[in-house]
Amino acid sequence: MEGSLVSEGLKFMTLGMGTVFVFLILMIIVLNLQAYLIGKFFPEKEKPKANTQSSNGLDKQKVAAIVGAVSAYKKG
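Residues numbered from 1 in each chain as written. Predicted model: local features only at pLDDT ≥ 70, side-chain atom pairs only at ≥ 80, totals over all residues. Heavy atoms only, no water.

Trainee: What exactly am I supposed to notice about the overall build of the protein chain here?
Mentor: Summing up its helical and strand segments, the protein chain has 2 helices and 0 strands in all. In the protein chain, which comprises 76 residues, the share counted as buried stands at 1%. Of the roughly 7,600 Å² of accessible surface on the protein chain, a fraction of 69% belongs to carbon and sulfur atoms. (Helix = DSSP H or I, 4+ residues; strand = E, 2+ residues; numbered from the N terminus. Buried < 20%, exposed > 50% of the residue type's maximum accessible area, 1.4 Å probe, protein only. Areas by Shrake-Rupley, 256 points an atom, 1.4 Å probe, with all protein chains shown as cover.)

So, in structure tokens, the structure goes:
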């Protein structure tokens, strides 16, 4: 009697885990297909870069903000 209950439990466990596994695989496939279709029909527009970088590659606005923050910190 107990052997059949254990085998029934194992069958239900396998069925449940298999169902979850199949669902997750299908969900991954659908999400990848959705990402592909959205990327194909609604591509991201590239933003034009502002010419705020100096010759050494540093952003002048960022450097000014950092210098201002450090000097404000030192003043107390």
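Trainee: Quick question: what am I supposed to make of helix α2 (residues 60-75) here?
Mentor: Each full turn of the α-helix corresponds to 3.6 residues, which orients residues three or four apart in the same direction. Taking 1.5 Å per residue, 16 residues should reach 22 Å; α2 reaches 23 Å between its end C-alpha atoms and fits that length. Burial analysis of α2 places just 0 of its 16 residues in the buried class, which makes it a mostly uncovered element. The positive-phi residue at the C-terminal boundary of α2 is glycine 76, with phi of around 105°. (Expected span 1.5 Å × (residues − 1).)

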